[in-house]
Amino acid sequence: MKTMIEIFDDHSGKTTLKWSSYIKLYEKLFSPLKDKNVNVLEIGVQNGGSIEIWSKYFKNFANIVGCDSDPKCVELEFANQNIHIINGDACSESVQEKIIRLCERYDIIIDDGSHISHQIIDSFIRYFDALDNGGIYIVEDIHCSYWKEYNGGLYYPKSAMSFFKRLADVINFEHIGTGKTRQDLLLGFNTHSGEHIKEETLSMISSVSFHNSVCVITKGEPKLNTLGELMICGTTSSICNKHTNFDSKNLPPSQESNFWSTLKTSPDEEWETLKEQNLLNEKKISELTNFIDEQNNKIQSLEYSLDAVFDSISWKITKPIREILYLYRRKNLK
Ligand SMILES: C[S@@+](CC[C@H](N)C(=O)[O-])C[C@H]1O[C@@H](n2cnc3c(N)ncnc32)[C@H](O)[C@@H]1O
């Protein structure tokens, strides 16, 4: 049986490009599934080389589904009829339906599509539910999450890396101590239809691991994703015996008075909201400043007009009449 590296080195069919570290990582991740009837989904087919590599590695695969928005990909021909190519945007309802219709549960899902942060997140939210228990979800080339060309940036709160880093908190949500739900931790990341990601979906995330340019998320039964019971063994505690009457029911300690735990959103998201508000305020200030300038100009031009009236001959000639009228009014008022 050839290893992934050997298959890659010997491959002479359709082309594919993969960084060497990915191949080593995939060997580790995929070897337990090597002989199984796996269902594999890959978003991003291009020349079809990776699809051929998966089909050579998983000799007994059930289905390999590739999805690509490039219509030319459907012209690719493969030796095995259980390789299916779907054309279209993986982040669309119609394509999602086709992918699920072909196979309801996948063992492996690889996102090697657009690498654009919001599409990576959208795809994860769409397809993680279709991953089987014990399945592996892989996001390739997540280094793009650091680049604005791919809707990313190191501290951008909506980047794909920010999203997957937050999943680490989702896994540990039972220790947060504020009553926040898993959904609360992802309030800034909604589904394509604007709803919050389902609590049930989030409860099935077993692990998130980061490798150079690859993020791996595994799925498992919610009860297997909890901390479980505290197990103590051994009979001698000569250094510390606190654990002998340790009550795990008092965990986590309440964090309701912890400023950093009770923020509604993460500081980076809050900063983003405040920045947007600030921009709106600056726009309003500039509009009001322009309005004041316009009014000042109007006042100045009225003052010029008034000066011109006072300087006019007619104003000077009619001065005695105004004085008589003034005296007359004062007399009548008394
Ligand atoms: C990096 S290539 C895939 C390479 C292939 N996985 C391999 O290893 O040989 C990315 C592919 O994703 C496709 N793509 C980009 N955005 C997509 C989307 N929203 N849905 C489906 N495919 C997409 C592109 O057309 C392109 O062919």
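Counting restarts for each chain, with residues numbered from 1 along the sequence as it is written. Thresholds applied to this predicted model are a pLDDT of at least 70 for local features of residues and 80 or more for the giving and counting of side-chain atom pairs; totals over whole chains, interfaces and linings are not thresholded and use all residues. Values shown for side chains rest on all heavy atoms present in the structure; no hydrogens or waters enter the calculation.

### Focus: the overall build of the protein chain
Right, on to step 1. Helix and strand counts for the protein chain come out as twelve helices and seven strands.
Right, on to step 2. Here the globule rule reads 2.2 Å times residues to the power 0.38, and the radius of gyration is calculated from C-alpha atoms. Since a compact globule built from 334 residues should have a radius of gyration of about 20 Å, the 34 Å found for the protein chain marks it as more spread out than a globular shape.
Right, on to step 3. Principal-axis analysis of the C-alpha atoms places the extent of the protein chain at approximately 120 × 70 × 35 Å.
Right, on to step 4. Under the scheme applied here, a residue whose accessible area is under 20% of the maximum for its type counts as buried, over 50% as exposed, and between as partly exposed, the area being computed with a 1.4 Å probe on protein chains only. When burial is assessed residue by residue, the protein chain has 37% of its 334 residues classed as buried. Under the scheme used here, helices are H or I runs from DSSP no shorter than 4 residues and strands are E runs no shorter than 2 residues, and both carry numbers assigned from the N terminus.

### Things to note about the pattern of salt bridges
Right, on to step 1. Basic side-chain nitrogens of Lys or Arg form a salt bridge, by our definition, when they fall within 4 Å of a carboxyl oxygen of Asp or Glu. According to the stated counting rule, one finds 13 salt bridges in the structure shown.
Right, on to step 2. In this structure, Lys18 and Asp112 form a salt bridge, with 3.3 Å as the shortest nitrogen-oxygen distance. Linking Lys18 in the loop between helix 1 (4–10) and helix 2 (20–30) with Asp112 in the loop between strand 4 (106–111) and helix 5 (117–127), this pair joins segments that are 94 residues apart in sequence. An identical accessibility class is assigned to Lys18 and Asp112; each is buried.
Right, on to step 3. Where Arg126 meets Asp122, a salt bridge forms, and the shortest distance between an N and an O atom there is 2.5 Å. Residue Arg126 and its partner Asp122 are both found in helix 5; the two are separated by four residues, about one turn of the helix.
Right, on to step 4. Judged by its relative accessible area of 6%, Arg126 falls in the buried class.
Right, on to step 5. The network of salt bridges with shared partners includes Lys18, Glu42, Asp112 and Glu140.

### Remarks on the domain arrangement of the protein chain
Accessible area lost upon the coming together of the parts serves often as the stated size of an interface.
Right, on to step 1. Delimitation of the domains relies on an automatic or database domain assignment. Taken domain by domain, the protein chain consists of domain 1 (4–225) and domain 2 (266–334).
Right, on to step 2. The straight-line distance from the C-alpha centre of domain 1 to that of domain 2 is 64 Å.
Right, on to step 3. Between domain 1 and domain 2, the contact holds five residues from the first and four residues from the second.
Right, on to step 4. The term buried area means the drop in 1.4 Å probe accessible area that two parts suffer when joined, counted for both and summed. Around 420 Å² of area is buried between domain 1 and domain 2 when both sides are counted, 42% of it from carbon and sulfur atoms.
Right, on to step 5. By the criterion of area lost to domain 2, the three top residues of domain 1 are Pro157, Lys158 and Arg166, representing 72% of everything that side buries. The contact rule is simple, with two residues in contact once any of their heavy atoms fall within 4.5 Å.

### Comments concerning the layout of surface pockets
Right, on to step 1. Taken as a whole, the largest pocket spans an internal volume of roughly 660 Å³.
Right, on to step 2. Cavities and pockets are found on a 1 Å grid laid over the protein atoms alone: a cavity is a set of points where a 1.4 Å probe fits but cannot escape, a pocket is an open set with protein on both sides within 12 Å along at least five of seven lines, and a lining residue has an atom within 4 Å of such a point. Considering the residues around the largest pocket, the lining is formed by 34 residues, among which Gly44, Gln46, Asp68, Asp112 and Gly113 are closest to the centre.
Right, on to step 3. Of all the secondary-structure elements, those providing two or more residues to the lining of the largest pocket are strand 1 (39–43), helix 3 (49–57), strand 2 (63–68) and helix 5.
Right, on to step 4. Broken down by element, the residue count for the lining of the largest pocket peaks at three residues, all from helix 5.
Right, on to step 5. Taken together, the residues of the lining of the largest pocket break down into ten nonpolar, 14 polar and ten charged.
Right, on to step 6. Volume-wise, the second largest pocket comes out at about 310 Å³.
Right, on to step 7. In terms of lining, the second largest pocket is formed by 16 residues, of which the most central are Asp169, Lys180, Leu185, Thr265 and Ser266. Grid points are joined across faces, edges and corners, and a volume is the space filled by probe spheres set on the points. Residues are grouped as follows: Ala, Val, Leu, Ile, Met, Phe, Trp, Tyr, Cys and Pro are nonpolar; Asp, Glu, Lys and Arg are charged; every other residue, Gly included, is polar.

### Some remarks on the site of the ligand
Right, on to step 1. If a single non-hydrogen atom of a residue is within 4 Å of a molecule or strand, that residue counts as near it. The local shell around the ligand holds 18 residues, among which Thr16, Lys18, Gly44, Asp68 and Asp112 are the closest.
Right, on to step 2. What qualifies as a polar contact is a pair of N or O atoms within 3.5 Å, subject to a donor-acceptor requirement within protein and to the restriction that residues adjacent in sequence count only when both atoms come from side chains. Between the ligand and the protein, one listed contact pairs a nitrogen atom with a backbone N or O atom of Ser69 at 3.1 Å.
Right, on to step 3. At 2.9 Å, a backbone N or O of Ala90 approaches a nitrogen atom of the ligand.
Right, on to step 4. Surface accessibility in these figures is a Shrake-Rupley result with a 1.4 Å probe; residues are shielded only by whichever protein chains are displayed. For the ligand, the accessible surface in isolation is 600 Å², of which the surrounding protein chains cover 84%.
Right, on to step 5. Those molecules having more than half of their atoms within 2 Å of a cavity or pocket grid point set are described as sitting in that cavity or pocket. A molecule is said to occupy a pocket when more than half its atoms come within 2 Å of that pocket's grid points, and by this definition the ligand occupies the largest pocket.
Right, on to step 6. Looking at the shell around the ligand residue by residue, the class counts come to three nonpolar, nine polar and six charged.

### Focus on a nonpolar patch on the surface
Right, on to step 1. Together, Tyr146, Trp147, Leu154 and Tyr155 make up a nonpolar patch on the protein surface, roughly 490 Å² of accessible area in all.
Right, on to step 2. Here Trp147 is to be found in the loop between strand 5 (131–139) and helix 6 (160–171).
Right, on to step 3. Taking relative accessible area as the criterion, Trp147 reaches 41% and is therefore assigned partly exposed. In this analysis, a patch consists of residues with relative accessible area above 30% that form no salt bridge, clustered at 9 Å for like charges and at 5 Å for the nonpolar side chains Val, Leu, Ile, Met, Phe, Trp and Tyr.

### So, the pairing of strand 2
Right, on to step 1. With six of six residues buried, strand 2 lies mostly within the body of the structure.
Right, on to step 2. Of the two faces of strand 2, the one lined by Asn63, Val65 and Cys67 and the one lined by Ile64, Gly66 and Asp68 are each fully buried.
Right, on to step 3. Handedness rule for crossovers: strands pointing away from the viewer, path from the first strand over the helix to the second running clockwise, crossover right-handed. After leaving strand 1, the chain enters helix 3 and then returns to the sheet as strand 2, a path that is right-handed.
Right, on to step 4. Relative to strand 3 (residues 83–87), strand 2 runs parallel, the two being bridged by five bridges. Pairing of Gly66 across the sheet is with Ile85, part of strand 3. For two strands to pair, DSSP has to find at least two bridges joining them.

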